[in-house]
Amino acid sequence: MSTTASNPKDLKKYTDPKTPAGKAADYLDQRTSIGVAVKEFARKVFPDHWSFMLGEIALFSFVVLLITGVFLALFFQPSMALVRWEGDLPQLHGQLMSAAFASTLDLSFEVRGGLLMRQIHHWSALIFMASIVVHMLRVFFTGAFRKPRELNWLVGMTLMILGLAAGFSGYSLPDDVLSGNGLRITDGVVKSIPIIGSYMSYFIFGGEFPGEHIVARLFTVHILLVPGLILALIGLHLFLMVLHKHTQYPGGGRTDKNVVGFPAFPVYVAKMGGNFFFIFGVLALMGATLSINSVWNYGPYDPSPVSAGAQPDWYMLFLEGSLRLMPGQAEIVTWGDFTLSLNVLIPAVVIPGLLFTFLLAYPFLEAKVTGDRREHHVLDRPRNVPVRTGLGVAFLTAFVILALAGSNDLIATHFHLSINAITWVFRVLLFVGPWFTFQVTKRICLGLQRKDRELVLHGHESGRIVRFASGEYVEVHTPLSDQERWLRVNYEATRPLELAPAADARGVKRKGYASEKRWHQLSRFFYEDRVEPVTPTELAAAHTTHDALAAADERGGELATASSHSADLER
Amino acid sequence: MSDSKTPSTEIGPVDGSELATTDRFADPGVPEHKPRLTDTDPKAAARSERIVTILFVLSVLGTIGSLVAYFAVRPDGTVPGVRASTLWLGVTLAISLLGIGFAAIHWAKSLMSNREYVDERHPIPSSPEVREVAVVALQQGVEDSGIARRGVLKGAMLGSLALFPLAVAVPLISSVGDDWNVSKFRHTLWRKGMRLATDPDGRPLKAADLTVGSVAHMMPDVSTEVRESGEWISEKAKAVILLVKLDPEDIRSEQRPGSSYDGIVAYSKICTHVGCPVALYDQQTHHLLCPCHQSTFDVADGAKVVFGPAKRPLPQLPISVDDEGYLIAEDDFAEPIGPSYWERLR
Amino acid sequence: MKALAARRHHRAAPVVLLLMALLAVGGVYAAFAPSPAQAATASTADIETGKKLFQANCATCHGPSAEGTDIAPSLVGVGAAAVDFQVSTGRMPMAMDGPQAPAKPPQMNEEQTAALAAYVASLGAGPAIPTDDQVDPTQGDAAEGMALFRTNCAMCHNAVGAGGALSSGKAAPSLMNTSDRNIFQAMETGPGPMPVFNDAVITAEGKRDIIAFLTEQDKGSAGGNPLGGLGPVAEGLWAWVLGLAVMIGGAVWIGAKSS
């Protein structure tokens, strides 16, 4: 789509500019060869789809986090030195508190716009994590993690984990009762780690919990280490996206070798720029009208109190729920009188470890059982990969059940249920739920694929009923357009890997057969149930039937074959 | 065709898979571009342009409004004042931002060309020629450095590179852990004869003051100076207890002499699960619930766990009264309080 | 008035008039009805009335002379404060058996409640109904109150008194619409699962400070809508169902083909 200026006179205009803008560009280009970048990127084509903007929400809420975070950092004092607060709020006036908490109160109540910035910052953090999750879901369900994007999936995963770290460290900074109890839980989890647990607790808190250092340490983590890493990895994430060029949804003319869409300049500059302002605007509205983390209600941290509804921000709820569901009997004393707190280790370390390992390993696992080494740039429709979609929904189910379990006390009060009963229900659901949703989702996907086949073979219902001379009624179907059909037939129904025999031609047992067999079993789990796309031959066969029907219809005569083909007709 | 009774394993061409690879539909190509109303109707285009302009102007008004709000609505430190200031600043900021956002997006959607372009993708791997040159370049570099021939040098280099991080890591790690004396977990401030004081106001309490069904949150009776020092918080984090007065007949666990007094029992308030303050006492069932993870302890039965993720009972603080009738500790806790850790029983 | 005249013959007019009349009568009654402070002094007649009310409404469970039965505790020595709390919040008489007696519209009017309280108080000494001075938030110190509240109350009733869950289907109720008098009485008498906080544990001034802190909460949240005061779970829910949903809606709009 590059347009070349072939006329030498026109070319002269570019090499010897007269306008101020042209001169500025010339100045820059002579020093940076920016012309190459502009040529490369100005009209670069990006495919358009709303779901491609989910990652953009994450990116832009991160930018808002940086902007508001700088504001907050200018007023916040990361110190646990005790001060007496002389502010105007009656419920805290004259109380002894850490400088961190006091400065949080000051920047909320004394600094104009301070509370607004704090609330926008916190809402942005919640939205940042939420949009990362939905972005990951989009990438997962459409298979955008496949070659060549596996590494970028890992970068994205790391970004999500860093997001958790950023959120957690920031949440604890105001040094209030709620976040302080969160830190105490963290301390309890760290202490449960075998052998080094106690020392890790000292490492984190600079002595016994809570000590006088943790806020300053978390501050450094929150405003330097983690955002620095996030920025660097966002750079890498976007660089890889540009290098690979964006994936596109299936459709006419879209292949693994091209990319169909709108040019970056001006369409995406306007759309992305507009989206940034839109997202910032929504966050500003939320910050203006909805209170969030009102720390003056919790009070400065004191190890004695705790309040009902003691929960972390939503993205840590799954850990909270996991801790709540685990029965205590798992704590054991090993040989030599060492305590192994499996009641903490399993929910706080093993379960999140399993969830994250599944996400990290999935692209490689799927590539292995698919036996596929090709590049993929056209996305899958989720229904066309039923087992992947089912696994994704099962994963999501487990995550949601854990998050709900982390809110079980609020469920109990709002629905007048017993908290003990809810806990037991969730204990069972954590195992049954994902299995159930996996089966249901897989069946729904296969059903949708069959529906696609039906539609391709027999067309849309037209609503026109025809009566045959035999007295039978049929509905006439209108065939699909080329584009409609292409969307429904342009996929591959992957088959399970072929397993070579255990012994070669000379009867010698092959090495690695056992491991191959296990992979083959896994491959069968993935691809045993499948629905093949319609082929032209099949469509032609279906049409023959229809033509016969139509011909019979025209003749108005008897239709001898009607009953044998009745399966083709919606009756 | 798709008979619901047959398994879904093989729905598709019966002729075999060879056909499936060749017998495919042809790509119909990129759909034809359909012009929008604004492409064909100049009036619609003019209308869109007007809307975009109005939105940009709205944003300018929002910005001006936010400046007005900044100077006009001053928060006075009170709740309603701060709320008004936050609301006005935020809403005007939102108008200023949303105006630009909606304008830019509407402009892009209605007035900029929506003709789709097709770019070719370039192969991601470098070409064999490039790879060859790259490999040769690396080989030449290795050759130049002579690292393959100079084995000792290589070892020395790798050794020094592997070890140097220690020079940074050891001071860093060993400095941040204070004195690493983790045996502090075992002891709290409680001593024989130390009075129990109410939390947070620090009044000692007489045994006679408590009625059945009472619960009091207590801490060691120390001076105000200690309570206002920086170290206090870490001591309080271990020493807080919950004092419960039961009908002595309700106590089911065996109480050794000197552990409870006249139906009054004292248990550590720190959960043996992960350390939340356990404080939700139900005087009807004598159950003590942790609001963080719902571990439930039976105060009438030695604070044993009856539900939830904790395993061990809450440690009991032995108590009695002094000459004036005030409640005092008889000793420190017999075991470390709070969450389990590896060497807890050693 | 013109509009009213035009509608004079509307079919609903009698109903509206009747409603207005009822409202007026109710308003007049409310204005002249005896307040609890006026009814605080118990006469022998009150005790007699209270005894009759007790026999009719309470004796089935609490026993004919309030000495308690297998299903309900003795009321000897619980004091007028306990009766006033239980009856004026509608918790007693209980409608049906459950994990705990829920608050509901009171079944007895103020006079009847006062008579019952007088009767039960006559059975044995117990906490009296607090005076207006004792529960006056303007005389309390909200900062002291907050310190006391978060150590003694927040773990069950939530940091701002929004309520919370207890074990086995019980719950600590929200304090947002509870009267100052009832809050004082609840601390003093320990109704249901709630423990007792007598004047030794939380002094009478401390209780008033707590009431002052809770009254501060009526000003609402400095940040805008308090989202029920429920904390991070409610905030997370709003982030998803409002914030992210609107942004995804925006993305759909951006990505949609314009016509």
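Residues numbered from 1 in each chain as written. Chains lettered and ligands numbered in written order. Predicted model: local features only at pLDDT ≥ 70, side-chain atom pairs only at ≥ 80, totals over all residues. Heavy atoms only, no water.

Participant: Is there a simple way to explain the pairing of strand 5 (residues 264-268) of chain B in this structure?
Facilitator: Every regular strand shows the same layout, with side chains that alternate between the two sheet faces. All names here are of chain B. Of all the 5 residues making up strand 5, 5 are buried; the element is thus mostly covered by neighbouring parts of the structure. Along strand 5, one buried face is formed by I264, A266 and S268 and the opposite face, lined by V265 and Y267, is buried too. The sheet contact formed by strand 4 (residues 241-245) and strand 5 spans 5 bridges and is antiparallel. Residue pairing for strand 5: K245 is matched across the bridge by I264. (Buried < 20%, exposed > 50% of the residue type's maximum accessible area, 1.4 Å probe, protein only. Helix = DSSP H or I, 4+ residues; strand = E, 2+ residues; numbered from the N terminus. Pairing = 2+ DSSP bridges.)

Participant: Before we go on, may I ask you to explain the environment of A143 of chain C in this structure?
Facilitator: Along the chain, the position of A143 of chain C falls in helix 7 (residues 142-152). As a C-alpha pair, A143 of chain C and I210 of chain C span 67 residues in sequence and 8.7 Å in three-dimensional space. Filtering out sequence-adjacent residues up to four positions away, A143 of chain C remains in contact with P90, Q91, L92, H93 and Q95 of chain A. (Contact = heavy atoms within 4.5 Å.)

Participant: Just to check I follow, could you spell out the domain arrangement of chain B for this structure?
Facilitator: One frequently used descriptor of interface size is the decrease in accessible area upon assembly of the parts. Taken domain by domain, chain B consists of domain 1 (37-110) and domain 2 (186-329). The gap between the C-alpha centroids of domain 1 of chain B and domain 2 of chain B is 57 Å. (Domains from an automatic or database assignment.)

Participant: Quick question: what am I supposed to make of the interface of chain B and chain A here?
Facilitator: Across the contact, 104 residues belong to chain B and 137 residues belong to chain A. Where chain B touches chain A, the interface holds 5 salt bridges. As a salt-bridge pair, D302 of chain A and K236 of chain B come within 2.8 Å of each other at their nearest N and O atoms. Viewed at the interface, chain A and chain B are joined by 38 residue pairs in polar contact (both at pLDDT 80 or more). When contributions to the side of chain B that touches chain A are tallied by element, the ones reaching two or more residues are helix 1 (17-22), helix 3 (42-72), helix 4 (79-110), strand 1 (117-120), helix 6 (151-176) and helix 8 (232-239) of chain B. Residue contributions to the side of chain B that touches chain A peak at 19 residues, all from helix 4 of chain B. Class assignment of the residues belonging to the side of chain B that touches chain A gives a composition of 53 nonpolar, 25 polar and 26 charged. Taken together, the 4 bridges between strand 4 (residues 258-263) of chain A and strand 1 of chain B define a ladder with antiparallel strand orientation. Bridge pairing in strand 1 of chain B places V259 of chain A opposite D119 of chain B. (Salt bridge = Lys/Arg side-chain N within 4 Å of Asp/Glu carboxyl O. Polar contact = N/O pair within 3.5 Å; in protein donor to acceptor, adjacent residues only side chain to side chain. Nonpolar A, V, L, I, M, F, W, Y, C, P; charged D, E, K, R; others polar.)

Participant: Sorry if this is basic, but what is going on with the state of the cysteines here?
Facilitator: In a disulfide, the sulfur atoms of two cysteines are held together by a covalent bond. All names here are of chain B. A full pass over the atoms with the stated rule returns 1 disulfide over all chains. Bridging C276 to C292, the disulfide has an S-S length of 2.0 Å. Because the sign of the S-S torsion sets the handedness, a value of about -80 degrees for the bond joining C276 and C292 places this disulfide among the left-handed ones. Of this pair, C276 sits in the loop between strand 5 and strand 6 (280-282) while C292 is found in the loop between strand 7 (287-289) and strand 8 (296-298), placing the two residues 16 residues apart along the sequence. (Disulfide = S-S within 2.5 Å.)

Participant: Whenever I open this one, empty space enclosed by the protein confuses me. Can you help?
Facilitator: Over the atoms rolls a probe the size of a water molecule, and its path tells where empty space is left. All chains considered together, the criterion is met by 10 cavities of 30 Å³ or more. Considering only enclosed or pocket space, the largest cavity measures out at about 270 Å³ in volume. Along the walls of the largest cavity sit 19 residues, with V133, M136, M160, L359 and F395 of chain A positioned nearest its centre. Among the secondary structure elements, those contributing two or more residues to the lining of the largest cavity are helix 6 (114-141), helix 7 (150-171), helix 14 (342-370) and helix 15 (386-405) of chain A. Element by element, the count of residues in the lining of the largest cavity is highest for helix 6 of chain A, at 6 residues. Class assignment of the residues belonging to the lining of the largest cavity gives a composition of 18 nonpolar, 1 polar and no charged. Estimated volume of the second largest cavity: approximately 130 Å³. Taken together, R184, D187, K191, E208 and F209 of chain A together with F185, A237, K238, I337, G338, P339 and Y341 of chain B make up the lining of the second largest cavity. Those elements that provide at least two residues to the lining of the second largest cavity are helix 8 (177-191) of chain A together with helix 8 of chain B. A per-element tally of the lining of the second largest cavity places helix 8 of chain A first, with 3 residues. (1 Å grid on protein atoms, 1.4 Å probe; cavity = no way out; pocket = protein on both sides within 12 Å on 5 of 7 lines; lining within 4 Å. Points joined across faces, edges and corners; volume = space filled by probe spheres on them.)

Participant: When you look at the sheet that holds strand 9 (residues 304-307) of chain B in this model, what are you seeing that I'm missing?
Facilitator: To summarise the sheet geometry, strands pair through backbone hydrogen bonds and adopt either a parallel or an antiparallel arrangement. All names here are of chain B. Spatially, 6-7-8-9 is the arrangement adopted by the 4 strands of the open sheet, whose pairing is antiparallel. In this open sheet, the two strands that pair with only one neighbour each are strand 6 and strand 9. Averaged over all neighbouring strand pairs, the angle between strand axes comes to 30 degrees, with direction disregarded. (Axes fitted to C-alpha atoms, helices over the stretch in contact; angles between N-to-C directions.)

Participant: Would you mind going over the interface of chain C and chain B with me for this structure?
Facilitator: The interface of chain C with chain B comprises 33 residues on the first partner and 37 residues on the second. Carbon and sulfur atoms make up 57% of the surface buried where chain C meets chain B, a total of about 2,800 Å² over both sides. Where chain C meets chain B, there are 1 salt bridge. A salt bridge links D282 of chain B to K170 of chain C, with the shortest nitrogen-to-oxygen separation between them at 2.7 Å. (Buried area = accessible area lost by both parts, 1.4 Å probe.)

Participant: What exactly am I supposed to notice about the sheet that holds strand 2 (residues 196-198) of chain B here?
Facilitator: Residue and element names in this part refer to chain B. Across the sheet, 4 strands lie side by side as 2-3-4-5; this open sheet has antiparallel pairing. The sheet is open, and its two borders are formed by strand 2 and strand 5, each paired with just one other strand. Taking the axes of each pair of neighbouring strands and ignoring which way they run, one obtains an average angle of 40 degrees across the sheet. With 3 bridges connecting them, strand 2 and strand 3 (residues 215-220) associate as antiparallel partners. Counted as the bridge partner of A197 is M219 from strand 3.

Participant: When you look at a nonpolar patch on the surface in this model, what are you seeing that I'm missing?
Facilitator: Side chains of V428, F431, V432, W435, F436, V440 and I444 of chain A sit close together on the surface and give an oily, nonpolar patch of about 740 Å² of accessible area. Mapped onto the elements, F431 of chain A comes out in helix 17 (residues 419-458). (Patch = residues over 30% accessible without salt bridge, like charges linked within 9 Å, V, L, I, M, F, W, Y side chains within 5 Å. Areas by Shrake-Rupley, 256 points an atom, 1.4 Å probe, with all protein chains shown as cover.)

Participant: Before we go on, may I ask you to explain the packing of helix 17 of chain A against helix 18 (residues 482-489) of chain A in this structure?
Facilitator: When two helices pack together, their arrangement is given by the angle between their axes and by how far apart the axes lie. Residues and elements named next belong to chain A. Where helix 17 meets helix 18, the closest approach of the two axes is 10 Å, and the angle between their N-to-C directions is 145 degrees. Helix 18 is crossed by helix 17, and the crossing has left-handed handedness. For the pair formed by helix 17 and helix 18, the contact residues are D452, L455 and V456 on the first element and R485, R488 and V489 on the second. Here the residues of the contact of helix 17 with helix 18 are counted per class, giving 3 nonpolar, no polar and 3 charged. (Left-handed = near helix turned anticlockwise from the far one by under 90°.)

Participant: Sorry, what's going on with the packing of aromatic side chains here?
Facilitator: Geometrically, a pair of aromatic rings is defined through the distance of the ring centres and the angle of the planes. All names here are of chain A. Across all of its chains, the model carries 39 aromatic pairs over all chains by this definition. Among the aromatic residues, those joined into a ring-pair cluster are F140, F141, F145, W153, F358, Y362, F395, F438, F525, F526 and Y527. A cation over an aromatic ring shows up here: R31 above the ring of Y27, its NZ or CZ 3.7 Å from the ring centre. Of note, R427 hangs over the ring of W424, and the distance from its end group to the ring centre comes to 4.6 Å. (Phe/Tyr/Trp six-rings, centres within 6.5 Å; stacked < 30°, edge-to-face > 60°. Lys NZ or Arg CZ within 6 Å of the ring centre and 35° of its normal.)

Participant: Looking at this structure, how should I read the pattern of salt bridges?
Facilitator: A side chain of one charge can pair with a side chain of the opposite charge if their charged atoms are brought near each other. Residues and elements named next belong to chain B. A complete count under the given rule lists 44 salt bridges over all chains for this structure. The partner of R252 in a salt bridge is D298, and the shortest N-O contact between them spans 2.5 Å. Here the residue R252 occupies a position in the loop between strand 4 and strand 5, and D298 occupies one in strand 8, the gap between them amounting to 46 residues. The exposure class of R252 is exposed, given its relative accessible area of 53%.

Participant: Even after reading the chapter, I still don't get the confidence of the model for chain B, so can you show me in this structure?
Facilitator: Interpretation of the predicted coordinates at a detailed level should be avoided for regions scoring low in pLDDT. Here chain B averages 90 in pLDDT, and 94% of its residues register 70 or above. Long-range and interchain partners of residues 1-20 of chain B, a stretch whose pLDDT sits below 50, account for 29 contacts in this model, where long-range means more than four residues apart. (pLDDT = per-residue confidence, 0-100.)

Participant: Please clarify how the pairing of strand 9 of chain B should be interpreted in this entry.
Facilitator: Residue and element names in this part refer to chain B. In this sheet, strand 9 lies alongside strand 8 in antiparallel orientation, the contact comprising 3 bridges. Paired with D298 across the strands is K304, a residue of strand 9. Between the end of strand 8 and the start of strand 9, which pair antiparallel, lie 5 residues, with G302 showing a positive phi angle near 65 degrees.

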